[in-house]
Amino acid sequence: MTLPLSFPSTPKPVKYRLVFYFLLFLGVSIYFLWLNYSPSFPDPDSFYHAKIIELIHDSGPVTDFPWLPFTTLNEIFIDHHFLYHLAVLPLAYFLPSLLAVKIAAVIFAALAIVIFQWLLDALSVRYSWLYTLVLLFSDQFIFRLNLAKAPSLSLIFLLLATYFISKASKHWSWPLFALSFFYVWLYGGWPILLGIGFIYFITAGAVNWFERFSSHTFKITVGNLKLLLADLFCWSNLKLPLSIFSGLLAGLIINPYFPANLQFYWQQTFEIGLKNYRGLVDVGGEWYPPDFFGLISHNIYSLILFFLALVVFFVFLRRQRPLAWLLFFLSLFFFFMALKSQRNIEYAIPFILFFSALVFSSWPEIIPRLKQLFASYHWPTTVIIICLLVCLPIIFTYNFLGLRESLRGGFSWHKFLASGTWLKKNTPPGTLVFHDNWADFPILFYRDDSARYLIGLDPTFMYFKNQEQYYFWRDVSAGRQTGHVCALIKKTFQAEYIFVSQLDRALDPQLASDPNCVKVYEDTEARIYRLIPGD
């Protein structure tokens, strides 16, 4: 199977391309900085990453996590974004950690856009800049890419992996091995690369198998199925997938967290990521499916190109090259993953556009055929084009304003500053704090790392540790627990303080009337109660 793909073209001199990439990086960075220009994060997890970077800066890698004793993280913890934290660490030597992770998010996001453009150019895609422009118009993708965590770096790794796959073909690939190794250290979602390797393995073997037959001689027989297995498991077809699989395995074993990382990844990746307990546990919003019509409206440019590319792909099915088949399955894989969980949009949109670009660039006669179609159906196509020209700018403007608002809003850098400072000054180290919103943990952890908290990062970790305690915490936080709540909290968790956000009012009436706790602090953001030991 020969995956490399090139088209007749006259590439620009290297120096001009480098200047173009630099200008693209500079322009996109300025655009992203403008979108992010506010002292806030759209995702509270950014506070967690900033704190971990501070801890690495002060005392080296974080190997234990005593801050959540009622979760499995207290026993099995790994920094599954370790390489991301190391990548941001140099900025933390010169900038406050919150600013460092925000600046790093902009840099990594802009670099991901440049890598996407470079990959299209490396495969000699015609009008490559057009697909990059469409990518920048996908506001859901841009939102995910600008989060102050690992998605942008993860996308860079996957784009580079696709490039090395397209170049390595039947050979062992040391670049893929190294990329896979470090991808494990970078991101807990490393099985994505495992899935890409498996899809390549099936696609390459199947293409080799179909090439044995003509349309007139092909039949499904036992002998032909044996040939399929032979094509799948032949050494030439195994070399490249093994480059990926062995790199991932090496990254798991040659790892500062081995062997605890194996159990952690089972919980994080397979139990939470794939199986998912969202029917039993209130997990983060990014794990839930996106609104289907919202997905279409926010990514309409990309999806229109994808639909047209699918039409062209199947019309010229017999002429498709192996790389187009690989990207067809990868784009479908990521698209259905995005339908399952909106956190996969940062992969779905680039690979959809990558597939579309490859399909359109593969067939130079597409433009003449489109002109012929337009001439044959002049009025209908004219109406469609006018509708697109009128509607798409309106949709883009609406989505763009929402994107800017989303990235500039969210969680202020000053959130819980006063209440967190009060906790740090007025409670001894190791104090256990009950809090009624698991999403508050990253901010509380950033404010006061001397205290211990009940639940955070993902509520499923508490569910794994003790289901009864999780359900009790959920019922108490929702105001559904009857009786003297403070005494029950003290008995169940041995907590000493209760932290309640002003936005969460369900628990407040019970605390205010409970004789076993007393309010010791209040401001516009939070209230803190001290639990009084019962008789």
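None of these values were measured; they are calculated from a predicted model. (Residues numbered from 1 in each chain as written. Predicted model: local features only at pLDDT ≥ 70, side-chain atom pairs only at ≥ 80, totals over all residues. Heavy atoms only, no water.)

Break down the overall build of the protein chain for me, with residues and values.
On a plain count of helices and strands, the protein chain comes out with 24 helices and seven strands. Out of the 535 residues belonging to the protein chain, those deemed buried represent 54%. Across the protein chain, contacts joining residues at least 24 apart in sequence account for 75% of those joining residues at least 6 apart. Element-wise, carbon and sulfur atoms account for 68% of the exposed surface of the protein chain, whose accessible area totals about 24000 Å². (Helix = DSSP H or I, 4+ residues; strand = E, 2+ residues; numbered from the N terminus. Buried < 20%, exposed > 50% of the residue type's maximum accessible area, 1.4 Å probe, protein only. Contact = heavy atoms within 4.5 Å. Areas by Shrake-Rupley, 256 points an atom, 1.4 Å probe, with all protein chains shown as cover.)

So what's going on with the packing of aromatic side chains? Which residues, and what values?
For any pair of aromatic rings, the description consists of the separation of the ring centres together with the inter-plane angle of the planes. Following the criterion strictly, the structure yields 56 aromatic pairs and no others. Site record: aromatic cluster; members linked through ring pairs are F306, F313, F314, W325, F328, F329, F335, F336 and F355. Geometry around W34 places R408 over its ring, the cationic atom sitting 4.9 Å from the centre. Its end group placed over the ring of F416, K415 keeps NZ or CZ at 4.5 Å from the ring centre. (Phe/Tyr/Trp six-rings, centres within 6.5 Å; stacked < 30°, edge-to-face > 60°. Lys NZ or Arg CZ within 6 Å of the ring centre and 35° of its normal.)

Go over the pairing of strand β6 (residues 517-522) with me, naming the residues and quoting the values.
For β6 and strand β7 (residues 526-531), the ladder comprises five bridges, and the chain directions are antiparallel. Bridge pairing in β7 places E522 opposite R527. Linking β6 to β7, which pair antiparallel, is a turn of three residues. (Pairing = 2+ DSSP bridges.)

Quick one: what's the story with the pattern of salt bridges, residue by residue and with numbers?
Taken as a whole and assessed by the stated rule, the structure comprises seven salt bridges. Linking D449 and K51 is a salt bridge whose minimum nitrogen-to-oxygen distance equals 3.5 Å. Placement of D449 in the loop between α20 (441-447) and β4 (452-453) and of K51 in helix α2 (residues 45-59) is noted, with a sequence separation of 398 residues between them. On the basis of relative accessible area, D449 is assigned to the partly exposed category, the value being 22%. One salt bridge connects K465 with E75, and the closest N-O pair in it is separated by 3.4 Å. Taken together, the positions of K465 in helix α21 (residues 460-465) and E75 in the loop between α2 and α3 (82-92) put the pair 390 residues apart, joining distant regions of the chain. (Salt bridge = Lys/Arg side-chain N within 4 Å of Asp/Glu carboxyl O.)

Go over the state of the cysteines, please, and point to the residues and values.
Tallied over the entire structure, the rule returns one disulfide. Bridging C486 to C517, the disulfide has an S-S length of 2.2 Å. One quick way to see it: the torsion about the S-S bond of C486 and C517 is about 45 degrees, and its sign makes the bridge right-handed. Remark: C517 occurs in strand β6 and C486 occurs in helix α23 (residues 485-493); sequence separation between them is 31 residues. The two residues C486 and C517 agree in class, both being buried. (Disulfide = S-S within 2.5 Å.)

Give a description of the confidence of the model for the protein chain that names residues and reports values.
Within the protein chain, residue pLDDT values average 82, and 82% of them lie at 70 or more. For the stretch residues 1-10, pLDDT sits under 50, and the model shows 33 contacts to residues farther than four places along the chain or on other chains. (pLDDT = per-residue confidence, 0-100.)

Now, about a nonpolar patch on the surface: what can you tell me, with residues and values included?
Residues V19, F22, L23, L26 and I30 make up a contiguous nonpolar surface patch of roughly 490 Å² in combined accessible area. Of note, L26 is situated in helix α1 (residues 14-35). (Patch = residues over 30% accessible without salt bridge, like charges linked within 9 Å, V, L, I, M, F, W, Y side chains within 5 Å.)

Tell me about helix α22 (residues 467-477), and name the residues and values.
What sets the pattern is the α-helix's 3.6 residues per turn: residues three or four places apart point alike. Three or more residues of α22 are buried, namely Q469, Y470, F472, W473, V476 and S477. Taken around the axis of α22, the buried residues stretch over an arc of 165 degrees, which confines them to a single face. Where α22 begins, one side-chain oxygen reaches toward the backbone nitrogen of E468, 3.1 Å away; that side chain belongs to N466. Positive phi appears at G479, one or two residues downstream of α22, with a value of about 75 degrees. (Arc of directions from axis to C-beta. Polar contact = N/O pair within 3.5 Å; in protein donor to acceptor, adjacent residues only side chain to side chain.)

Help me get a handle on the environment of I78, residues and values and all.
Residue placement: I78 occurs in the loop between α2 and α3. On the basis of relative accessibility, which here comes to 1%, the residue I78 falls in the buried class. Sequence separation between I78 and A260 is 182 residues, and the spatial gap between their C-alpha atoms is 7.4 Å. Leave out the neighbours within four places in its chain, and I78 touches Y257, A260, N261, F264 and Y265.

Which residues make up unusual backbone geometry, and what values do they have?
Trans is the common state for peptide bonds, and a negative phi is the common state for residues other than glycine. Put simply, F258 and P259 share a cis peptide bond, and its omega is 5 degrees. Notably, S124 is not glycine yet its phi reads approximately 55 degrees, a positive angle. Mapping S124 onto the fold places it in the loop between α4 (97-122) and α5 (128-137). Of note, the phi angle at F416 is positive, near 60 degrees, even though the residue is not glycine. Within the fold, F416 resides in the loop between β2 (411-412) and α19 (417-426).

How would you explain the packing of α4 against helix α16 (residues 345-362) if you had to name every residue and give the values?
Packing of α4 against α16 leaves a shortest axis separation of 11 Å and a crossing angle of 20 degrees. It follows from the interaxial angle that α4 and α16 lie roughly parallel. Relative to α16, α4 is oriented so that their crossing is right-handed. Residues F116, L119 and L120 of α4 touch α16, and the partners they reach there are P350, L353, F354 and A357. (Axes fitted to C-alpha atoms, helices over the stretch in contact; angles between N-to-C directions. Parallel < 35°, antiparallel > 145°, perpendicular 65-115°, else oblique. Left-handed = near helix turned anticlockwise from the far one by under 90°.)

I'd love a proper account of the side chain of K51, names of residues and values included.
Of the residues examined, K51 reaches a relative accessible area of 7% and is grouped as buried. Ignoring sequence-local partners within four residues, the contact set of K51 consists of F445, Y446 and D449.

Could you give an account of the sheet that holds strand β3 (residues 432-435), naming the residues involved and the relevant values?
The five strands are arranged β4-β3-β5-β7-β6 in an open sheet whose pairing can be described as mixed. Edge positions in the sheet fall to β4 and β6, since each of these pairs with one other strand and no more.

Requested: an account of the packing of α2 against α4, with residues and values cited.
Running from N to C, α2 and α4 point in directions that differ by 115 degrees, and their axes come no closer than 9 Å. With respect to α4, the element α2 is oriented roughly perpendicular. α4 is crossed by α2, and the crossing has right-handed handedness. Contact residues: α2 offers S46, F47, A50, I53 and E54, while α4 offers S97, L98 and V101. Here the residues of the contact of α2 with α4 sort into five nonpolar, two polar and one charged. (Nonpolar A, V, L, I, M, F, W, Y, C, P; charged D, E, K, R; others polar.)

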